[in-house]
Amino acid sequence: MSTPHNWTTYTAFLRTSRASESDLKYFALHPWLAPLLSPGSPYRSVPFFSRLEKGENNTLDRFFNRVINTNDTIPHAIALVPGDEWLALRRKELFASSTSSPSSSQQNVTGEEKEQATTEQETTQKAEYDFILLTSLAPSLSGFTDTAHGGLLSALFDEAMGCCTAAFRNDDDAVQELFTVNLNVTYRRPVPLPGVYAIRVRVEKTEGRKWWLKGELVGGDGVVRTSAESLWVAARKGGL
Ligand SMILES: CCCCCCCC(=O)SCCNC(=O)CCNC(=O)[C@H](O)C(C)(C)COP(=O)(O)OP(=O)(O)OC[C@H]1O[C@@H](n2cnc3c(N)ncnc32)[C@H](O)[C@@H]1OP(=O)(O)O
């Protein structure tokens, strides 16, 4: 078991963490990932939070940080997140029309503020996705021979989408924890094993406590092999 990561909030974790050199070296071996990992990329490479050990007595994320964190399941995984400025603009965009935003300061965004956000977007480095999971998938994740199990792919989408929503929640806890209430996965093409894949996720819209996300899984050939749509609901204030 590795040493537990010393995180406080997810936002602080994103700001202060960097993916391990060994993971970065591994993914850098794949030329199709170069635009995402190069210094000019709109994304920063951070550890995949769910893989981090949370402590011997803390059962959070055990499936991801123990069961499928092995050489013959998922040997390498990192997350790519947009820069702070772009995330801030996305927050404005996503919560401008929502009745329940992650921060009270973002409620009732005026037309002028929207216009200002649009101008800022033109000058800030754009990131097409809100969260990208880069992952290697090893042979022991098979369902059919040398093919990733569909349930595993669902779990990867669910987790990547969860991390994506977490980045938009503020440290002030104005939005309660979010839960998947619906996840619709479309298996378009088999996902061969072993292989390296990117799961690209985006928040489509929010409305009150409800958040809609979309995602897709691609490999080096750029073919979308699996896609997913999900609905997340923030717990009511004061608990479930
Ligand atoms: C960084 C960490 C990453 C972690 C990623 C892992 C994420 C997960 O896997 S979570 C595990 C799987 N999910 C769960 O266990 C959630 C189980 N569900 C629950 O506990 C509850 O449904 C909960 C707390 C989310 C919401 O309950 P509650 O607050 O009573 O919501 P409720 O009032 O019923 O619904 C709220 C709204 O959502 C809608 N809704 C709820 N469920 C659904 C659904 N399945 N489909 C469509 N709409 C739904 C309701 O219609 C309602 O809409 P409106 O406000 O327009 O009337």
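- Identification of the chain as Acyl-coenzyme A thioesterase THEM4 from Sporormia fimetaria CBS 119925 is taken from an unreviewed UniProt entry.
- For the chain, the Sequence similarities (unreviewed entry) comment in UniProt is given as "Belongs to the THEM4/THEM5 thioesterase family."

## What to know about the sheet that holds strand 2 (residues 77-82)
Argument step 1. Pairing is antiparallel in the open sheet, where 7 strands are placed in the order 1-2-3-5-6-7-4. Both edges of this open sheet fall to strand 1 (43-47) and strand 4 (178-187), since each of them pairs with a single strand only. Along the sheet, successive strands turn relative to each other by an average axial angle of 25°, direction set aside.
Argument step 2. Sheet topology note: the strand 2/strand 3 (residues 131-137) ladder contains 4 bridges and is antiparallel. Within strand 3, the residue paired with L80 across the bridge is I132.
Argument step 3. The strands touched by helix 2 (residues 21-28) within the sheet are strand 1, strand 2, strand 3 and strand 5 (195-207), with strand 2 carrying the most contacts at an inclination of about 85°.
Argument step 4. The sheet contacts of helix 5 (residues 84-95) involve strand 2, strand 5 and strand 6 (210-218), and relative to strand 5 the element is tilted by about 40°.

## A look at the state of the cysteines
Argument step 1. What the rule picks out here adds up to 0 disulfides.
Argument step 2. With no disulfide of its own, C164 lies closest to C163 among cysteine sulfurs, the gap being 8.8 Å.

## A word on the pattern of salt bridges
Argument step 1. According to the stated counting rule, one finds 11 salt bridges in the structure shown.
Argument step 2. One salt bridge in this structure joins E93 and R90, with 2.4 Å as the shortest N-O distance. Taken as a pair, E93 and R90 lie in helix 5 at a separation of 3 residues, close to a single helical turn.
Argument step 3. Put simply, E229 and K214 hold a salt bridge, and the shortest N to O gap is 4.0 Å. Highlighted residues: E229 in strand 7 (residues 224-234) and K214 in strand 6, separated in sequence by 15 residues.
Argument step 4. Linked through salt bridges whose partners overlap, the residues forming this network are E53, E56 and R66.

## Section: the site of the ligand
Argument step 1. In the vicinity of the ligand there are 14 residues, among which D158, T180, R209, K210 and R236 approach most closely.
Argument step 2. Between V181 and the ligand, the recorded distance is 3.0 Å, taken from a backbone N or O atom to a nitrogen atom.
Argument step 3. At 2.8 Å from an oxygen atom of the ligand is found a side-chain nitrogen or oxygen belonging to K210.
Argument step 4. Bound to the protein, the ligand loses 52% of the 1,200 Å² it would expose on its own.
Argument step 5. Among the elements of the structure, helix 7 (150-168), strand 4 and strand 7 are those that each provide at least two residues to the shell around the ligand.
Argument step 6. A per-element tally of the shell around the ligand places helix 7 first, with 4 residues.
Argument step 7. Here the shell around the ligand is composed, by residue class, of 7 nonpolar, 2 polar and 5 charged.

## Here we look at unusual backbone geometry
Argument step 1. Between L193 and P194 the backbone carries a cis peptide bond, its omega angle lying at -10°.
Argument step 2. Mapped onto the elements, P194 comes out in the loop between strand 4 and strand 5.
Argument step 3. With a phi angle near 65°, D61 is a residue other than glycine that sits in the positive phi range.
Argument step 4. As for its placement among the helices and strands, D61 is situated in the loop between strand 1 and helix 4 (62-67).
Argument step 5. In this structure D61 comes out as buried when scored by relative accessible area, which is 17%.
Argument step 6. For D146, which is not glycine, the phi torsion reads 55° and is therefore positive.
Argument step 7. Mapped onto the fold, D146 is located in the loop between strand 3 and helix 7.
Argument step 8. A residue is classified by how much of its surface remains accessible, and D146, at 48% relative accessible area, is partly exposed.

## Observations regarding helix 2
Argument step 1. Every buried residue of helix 2 is accounted for by D23, L24 and F27. The buried residues of helix 2 occupy an angular sector of 100° when the element is viewed end-on, so they sit on one face. In helix 2, the exposed residues that point more than 90 degrees away from the buried face are K25 and A28.
Argument step 2. Its buried side turned inward, helix 2 meets helix 3 (34-37), strand 1, strand 2, strand 3 and strand 5.

Conventions we followed
Residues numbered from 1 in each chain as written. Predicted model: local features only at pLDDT ≥ 70, side-chain atom pairs only at ≥ 80, totals over all residues. Heavy atoms only, no water. UniProt positions renumbered as here; feature names shortened; annotations may be inferred. Pairing = 2+ DSSP bridges. Helix = DSSP H or I, 4+ residues; strand = E, 2+ residues; numbered from the N terminus. Axes fitted to C-alpha atoms, helices over the stretch in contact; angles between N-to-C directions. Contact = heavy atoms within 4.5 Å. Disulfide = S-S within 2.5 Å. Salt bridge = Lys/Arg side-chain N within 4 Å of Asp/Glu carboxyl O. Near = heavy atom within 4 Å. Polar contact = N/O pair within 3.5 Å; in protein donor to acceptor, adjacent residues only side chain to side chain. Areas by Shrake-Rupley, 256 points an atom, 1.4 Å probe, with all protein chains shown as cover. Nonpolar A, V, L, I, M, F, W, Y, C, P; charged D, E, K, R; others polar. Buried < 20%, exposed > 50% of the residue type's maximum accessible area, 1.4 Å probe, protein only. Arc of directions from axis to C-beta.

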